[in-house]
Amino acid sequence: MNQSRRDFLRALPAITAGAAIAPSAAFAATAEPGSETKHRWAMVVDVRKCIGCQACTVSCIMENAVPENSFRTIVSTYEVHDDTRTGTYMLPRLCNHCANPPCIPVCPVGATFQRKDGVVVVDGDRCVGCAYCVQACPYDARFINHDTGKADKCTFCAHRVDAGLLPACVETCVGGARIFGDIDDPDSAVRHLIDENKLKVLKPEMGTQPHVFYLGLDERFQGRVEGQGTLWQPSKHGA
Amino acid sequence: MDSQIIEVLNVTRETAWLPWAVQYFFLIGLSYGSFMLTLPYFVFGKMQHERLGRLALLGALVCGLTAPVALLADLHGPGRFLNFYLHFQPHSWMSWGSFFIPLYLGGLLVYAWLVMRADFARLGQAGTTLAARLYRLAGYGGKAPQSAIAAAALVALLGAILVALYTGMEVMVIRARPLWNTPFLPLQFAATAFAGAIGLMLLFNRLIVGRNTQLEVELNRLLALTLALVLALGGVWLFVSLSGISPSHSAAFNQVAGMAQWQLTAVWAVLATVVPMVLAIRFPASSGLLTGLIAVHSAWMMRWTIFIGGQSIPKTGAGLYDYHLPLGSDGLLGIAGTASLWIALLLLMLDYLPWAGQAFGERKQTNALAADAITSN
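Residues numbered from 1 in each chain as written. Chains lettered and ligands numbered in written order. Predicted model: local features only at pLDDT ≥ 70, side-chain atom pairs only at ≥ 80, totals over all residues.

## Comments concerning the overall build of chain A
Right, on to step 1. Within chain A, the regular secondary structure consists of eight helices and nine strands.
Right, on to step 2. Counting the 239 residues in chain A, one finds 50% classified as buried.
Right, on to step 3. The long-range share in chain A, meaning contacts at least 24 apart out of those at least 6 apart in sequence, stands at 65%. (Helix = DSSP H or I, 4+ residues; strand = E, 2+ residues; numbered from the N terminus. Buried ≥ 20, exposed ≤ 12 C-beta atoms within 10 Å, placed from the backbone. Contact = placed C-beta atoms within 7 Å.)

Here is the structure:
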């Protein structure tokens with residue numbers, strides 16, 4: 001698997017061929033190719049490199065046919081005043097593909113599950129849209145898809161990863177802030193970043209063991225943000 | 001260092017458990033609460049509680065039959081419920097709930113049928129109309145043995161306890177929402193459900209069968225006691241939150257304590273508990289309509305606040321998510337639809353079920369006349 005944008009670009013011809021056969025379904029079915037691999041996919045988000053362009057947000061929507069005003073990933077943007085200084089803080093958010101995901105045990109029909117490669121997915125055929133997993137996720141990463149009436153979330157673009165591609169958000173990140181790879185591979189970029197840096201995760205106290213790691217994460221944004229509520233909210237779905 | 005954070009851009013997660021869920025938790029609570037009130041007369045044979053028992057049976061049935069409809073509607077596709085039975089998940093409270101609901105409702109329906117069987121038979125004694133034939137069929141066997149009634153009541157009671165347990169636990173286990181993640185919640189759900197059921201009986205006592213002052217006094221006393229329990233539970237929760245002995249409770253309290261709308265809700269909730277309690281104690285023979293109405297309101301409001309209010313607190317973002325009640329089936333129409341179904345079922349039961357016992361059977365009249373016969377009981 002390619003671990004950086006540069007590697008990815010080098011392998012472009014092979015990837016393009018893979019794209020032709022990549023499945024487009026937003027939901028994963030059982031017995032995915034990934035379930036047989038020895039990978040453990042993870043992401044490192046270097047918030048210092050994020051410029052808040054929302055290219056990841058848009059590419060995710062396009063790749064996964066996310067309905068209007070719903071988001072599998074977004075870059076939360078904050079205005080921060082510290083004494084005399086004012087700045088902007090960007091925090092890309094997505095499903096954390098936790099090692100101990102609280103969304104799975106609550107599911108009453110076993111529709112949401114974790115593949116052996118760590119990716120947490122929803123079996124759309126089985127999901128009843130009860131939204132119990134939406135409540136259980138501490139990261140507000142899940143939602144009910146208005147088109148399907150079922151639970152929806154980031155899948156690390158499992159259909160692309162299984163075809164040897166990078167997740168859409170990683171591929172489009174202009175600042176190289178999202179690094180994706182196999183943490184079980186000692187030579188992978190994410191493994192190196194984890195080993196060589198003091199990375200943080202969101203809400204570590206929840207014991208969910210997230211597999212989206214943050215580089216340069218300000219502690220004030222690690223949990224629920226204490227501040228003034230969002231200035232912009234999507235309008236009603238479909239409106 | 002002074003710092004101030006303003007969230008400029010973030011996702012707003014919509015309410016995922018819709019007002020349908022509020023309706024379900026409200027109605028199933030009123031149902032199992034009402035069912036408990038039927039036991040003194042129908043199972044233990046306390047004749048002085050006949051009127052309460054018969055009114056409570058109506059309440060348990062009408063709420064119990066409406067509740068699952070609201071639950072199904074919340075699934076965004078009624079046929080989806082089949083997956084609950086095809087893919088049982090022992091680690092999910094909701095999965096267990098899908099078995100507890102039919103256990104309770106099945107037990108309740110059999111119990112209701114058994115206690116009314118003699119009256120069904122009486123109604124079907126003569127006539128060749130379709131109604132008479134159906135009554136004969138329902139009344140087959142005549143008066144049911146008390147042991148059968150007790151057995152059905154036991155099944156329904158077990159179901160009621162399990163429904164009360166799972167509805168509370170299902171919400172309590174959500175660690176992601178500190179406000180829900182408290183062991184007090186199942187107890188608060190059960191206590192307010194019982195208070196709501198008593199309130200419903202006070203309303204039925206006034207609006208369906210004329211008025212029985214003795215029953216109003218008894219129900220008001222019971223309501224005052226139950227509301228005292230509700231207040232005590234709220235007080236202990238507040239103490240645990242403020243004292244700091246439980247960090248998760250303190251976190252839940254701190255999440256909402258500073259927000260004006262939550263402060264208003266807290267004052268409202270306390271008033272909706274204290275006012276009917278005071279009225280019930282001071283004017284037990286005349287305040288039934290008001291105390292009943294407020295008690296039912298309070299049970300609904302508590303669930304609305306927990307579900308809709310709870311979901312308006314972002315798990316990661318700042319401030320609150322705005323909630324505007326949609327007018328369609330995801331909102332107002334759902335609430336109105338459930339209420340309409342409830343009224344329609346109540347009217348049908350009042351007219352076609354021998355809920356008032358022998359009085360209904362002998363007079364073959366609708367509720368107004370039949371009711372007179374048990375008003376004096």
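## Observations concerning the pairing of strand E8 (residues 178–182) of chain A
Residue and element names in this part refer to chain A.
Right, on to step 1. Among the five residues in E8, five count as buried, and that is most of the element.
Right, on to step 2. The sheet contact formed by strand E1 (residues 41–46) and E8 spans five bridges and is antiparallel. In the sheet register, valine 45 faces E8, and the bridge partner there is arginine 178. (Pairing = 2+ DSSP bridges.)

## A short note on the interface of chain A and chain B
Right, on to step 1. Taken together, the contacts link 47 residues of chain A with 41 residues of chain B.
Right, on to step 2. Of all the secondary-structure elements, those providing two or more residues to the side of chain A that touches chain B are strand E2 (74–82), helix H4 (103–106), helix H5 (132–136) and strand E6 (143–145) of chain A.
Right, on to step 3. Element by element, the count of residues in the side of chain A that touches chain B is highest for E2 of chain A, at eight residues.
Right, on to step 4. Its residues assigned to classes, the side of chain A that touches chain B shows 26 nonpolar, twelve polar and nine charged. (Nonpolar A, V, L, I, M, F, W, Y, C, P; charged D, E, K, R; others polar.)

## What about the domain arrangement of chain B?
All names here are of chain B.
Right, on to step 1. Per the domain assignment, the segments of chain B are domain 1 (16–173) and domain 2 (181–326).
Right, on to step 2. Using only C-alpha atoms to locate each centre, domain 1 and domain 2 end up separated by 24 Å.
Right, on to step 3. Taken together, the contacts link 25 residues of domain 1 with 25 residues of domain 2.
Right, on to step 4. Every element with two or more residues in the side of domain 1 that touches domain 2 is listed here: helix H1 (19–42), helix H2 (50–73) and helix H6 (146–172).
Right, on to step 5. The element contributing the most residues to the side of domain 1 that touches domain 2 is H1, with ten residues.
Right, on to step 6. When grouped by side-chain class, the residues that make up the side of domain 1 that touches domain 2 number 18 nonpolar, six polar and one charged. (Domains from an automatic or database assignment.)

## Observations regarding the packing of H2 of chain B against helix H12 (residues 332–352) of chain B
Residue and element names in this part refer to chain B.
Right, on to step 1. Interaxial distance between H2 and H12 falls to 9 Å at its minimum, and their mutual angle equals 145 degrees. Seen along the crossing, H2 lies across H12 with a hand that is right-handed. Counted together, Leu58, Leu61, Val62, Leu65, Thr66, Val69, Ala70 and Ala73 of H2 and Gly334, Thr338, Leu341, Trp342, Leu345, Leu346 and Met349 of H12 form the full contact between these two elements.
Right, on to step 2. Of the residues that constitute the contact of H2 with H12, the class distribution is twelve nonpolar, three polar and no charged. (Axes fitted to C-alpha atoms, helices over the stretch in contact; angles between N-to-C directions. Left-handed = near helix turned anticlockwise from the far one by under 90°.)

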